[in-house]
Amino acid sequence: MKILFVTSEIHPLVKTGGLADVSHALPLALRQAGLDVRVLVPGYPGVLSRLGKASTVCTLEALAPIWSPARLLEGQLGDTGLPLWVVDCPSLYDRPGGPYQGPDGRDWDDNPLRFGFLCHVGAWLCSAPAPLPWSPDVVHCNDWQAGLIPALLRHHQGPPVPSVMTIHNLAFQGNFDPLWVTRLGLPMESFHMHGLEFHGRLSFLKAGINYADRITTVSPRYAEEIQTPEMGCGLDGLLRHRQAELAGILNGIDESWNPACDPALPAAFDAQRLAAGKRRNKTTLQQDCGLAKDPDVPLLGLVSRLTYQKGIDLLLDTLPALMEHPLQLIVLGSGEADMESRLREVADTYPGRVSVTLAFDEPLSHRIIAGSDLFLMPSRFEPCGLAQMYAMRYGTPPVVCETGGLADTVVDCTEGTLGERRATGFTFRNATPEAFKAAVQRALSTYEMRTIWRQLQKTGMRRDFSWKQPAADYAGIYHTLSTRAQTPQS
Ligand code: ADP
């Protein structure tokens, strides 16, 4: 079966968060399961420069003459063998900055055009008669950047290619001025509350949710949560309406996240040989980040986008009380300016005990996840979250809020769960500073009980977070859709 996987990020070429990791690992797992997957991405400079030997599949001028020149390139992702189709359109993608924002941190004004074009190319590849020798049986659209594809497919002649829309974060919706409806070649008749319109604006994500054949999100708990007014970001009514087509499939983590062979780490370790390797990672990290070198003091790590979603303020608000305990804190992140400046102040207040790096640094993120004793992830909501799974894999029990994928992946440490050898971390119910502080204090007390701590670490390290089952679940959905598409409707 042939799958076109459309995404705006893919690790290691372009990454702002978990979507990049998923767009790398899931297509590879699907290929291992025997599916013919191709990934369609925009040709940002970071993608083109690392594409290696690429060939031109076709030009795209006929599709979008005013955005010319544009062409479709074919390469592969590193040495993985995963075919990458890259939309090379310099006027839209060849610029400094990130995939969505300029170097000044502001969204590009022409984002509707940049991702609208990606959607047009994706939909064109699905059109009939097939424009290229390879044409997909199913198109898998990820997040708002690919959300217009299912809407565009509705207006195609011939048998429609079925579509899956995956919501990696409902809070990012791609809502724009309605002027873009016609500018993007969408029919004005679709601009109503049961179509593309959301509070007077054109919504890419709503379009995807409305018109896709199946909708998935990245954990079972989040699939429930987004159907509630509290967590539905205004789209809960539509999601309840489409409940029968909505599924929550928990993300996996890529095999390359493995402390036994991670090239970013100063020392390898696994569940059998844990203590010495973990210790070496910890002391090297302390030294590299300007913390006092002390293998016994608990080291708390946080690697995150610095946003309200991630509950960074819960940490900042409780920090004075937490710092009364003997502990160290290491933070790696980038994001909202006020959080960055509060974190800078904290680092100045506690030299040698708090280290803050305001950057996006992949190797350092691995070293923090491996070298810390405890991983903090107090997110207010979390569609799935990968970092807590990486932390468990690296023997670093996480402290998390009981929400979304965090609730689905972390088993709170209680007498009962320890007895059943299921405990993997520490959870708290409400995203308040008090609840977060209590969970961290519980974790610090448990850290003193070394045998129990080892058990907690090892249980987390042995959990199966592989992509095998999730890939099989996606393959099942594709299969159902393509069979249905091939069956003549009576
Ligand atoms: P989200 O996608 O909401 O940001 P996830 O936990 O699903 O959250 O994925 C975040 C990914 O981005 C993880 O791989 C995490 O390690 C990584 N990450 C986040 N911030 C940074 C950073 N400043 N430097 C390096 N990696 C980061």
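Data block above holds the structure.
Residues numbered from 1 in each chain as written. Predicted model: local features only at pLDDT ≥ 70, side-chain atom pairs only at ≥ 80, totals over all residues. Heavy atoms only, no water.

S.K.: Please set out the pairing of strand S17 (residues 398–401) residue by residue, giving values where relevant.
M.R.: Neither face of S17 is exposed, since Pro398 and Val400 on one face and Val399 and Cys401 on the opposite face are all buried. Alignment of strand S16 (residues 374–377) against S17, held across three bridges, turns out to be parallel. The residue bridging Met377 from the neighbouring strand is Val400, located in S17. With three bridges joining them, S17 and strand S18 (residues 426–428) adopt parallel strand pairing. From the neighbouring strand, Cys401 faces S18, where its bridge partner is Phe428. (Buried < 20%, exposed > 50% of the residue type's maximum accessible area, 1.4 Å probe, protein only. Helix = DSSP H or I, 4+ residues; strand = E, 2+ residues; numbered from the N terminus. Pairing = 2+ DSSP bridges.)

S.K.: Give me the site of the ligand: which residues, what numbers.
M.R.: Around the ligand, a shell composed of 21 residues is seen, among which Gly18, Arg305, Lys310, Ala359 and Leu386 lie nearest. Taking Lys15, its side chain carries an N or O atom lying 3.0 Å from an oxygen atom of the ligand. The contact in question runs from a nitrogen atom of the ligand to an N or O atom on the backbone of Asp361, over 3.0 Å. Burial of the ligand by the surrounding chains reaches 93%, relative to a free accessible area of 570 Å². Elements supplying a minimum of two residues to the shell around the ligand: helix H1 (18–32), strand S13 (299–306), strand S14 (328–335), helix H13 (362–371) and helix H14 (387–393). Sort the elements by how many residues they give to the shell around the ligand and S13 lands first, with three residues. Of the residues assigned to the shell around the ligand, the class counts are eight nonpolar, six polar and seven charged. Mapped onto the domain boundaries, the shell around the ligand takes at least three residues apiece from domain 1 (2–253 + 468–486) and domain 2 (271–461). (Near = heavy atom within 4 Å. Polar contact = N/O pair within 3.5 Å; in protein donor to acceptor, adjacent residues only side chain to side chain. Areas by Shrake-Rupley, 256 points an atom, 1.4 Å probe, with all protein chains shown as cover. Nonpolar A, V, L, I, M, F, W, Y, C, P; charged D, E, K, R; others polar. Domains from an automatic or database assignment.)

S.K.: Residues and numbers for the side chain of Thr307, please.
M.R.: Mapped onto the secondary structure, Thr307 falls in the loop between S13 and helix H11 (312–322). When residues no more than four places from it in sequence are discounted, the contact partners of Thr307 are Ile312, Glu336 and Met339. (Contact = heavy atoms within 4.5 Å.)

S.K.: Please set out the pattern of salt bridges residue by residue, giving values where relevant.
M.R.: Under the criterion given, the structure shown has 18 salt bridges. Glu362 is paired through a salt bridge with Lys15; the nearest N and O atoms lie 3.3 Å apart. Residue Glu362 is found in helix H13, and its partner Lys15 is found in the loop between strand S1 (2–6) and H1; the two are separated by 347 residues along the sequence. Taking relative accessible area as the criterion, Lys15 reaches 21% and is therefore assigned partly exposed. Arg31 serves as the salt-bridge partner of Asp36, at 4.0 Å between the closest nitrogen and oxygen. Residue classification places Arg31 among the partly exposed positions, given a relative accessible area of 30%. Each of Arg31, Asp36, Arg38 and Glu74 takes part in one network of salt bridges that share partners. (Salt bridge = Lys/Arg side-chain N within 4 Å of Asp/Glu carboxyl O.)

By themselves, these are just geometric observations and shouldn't be taken as functional.
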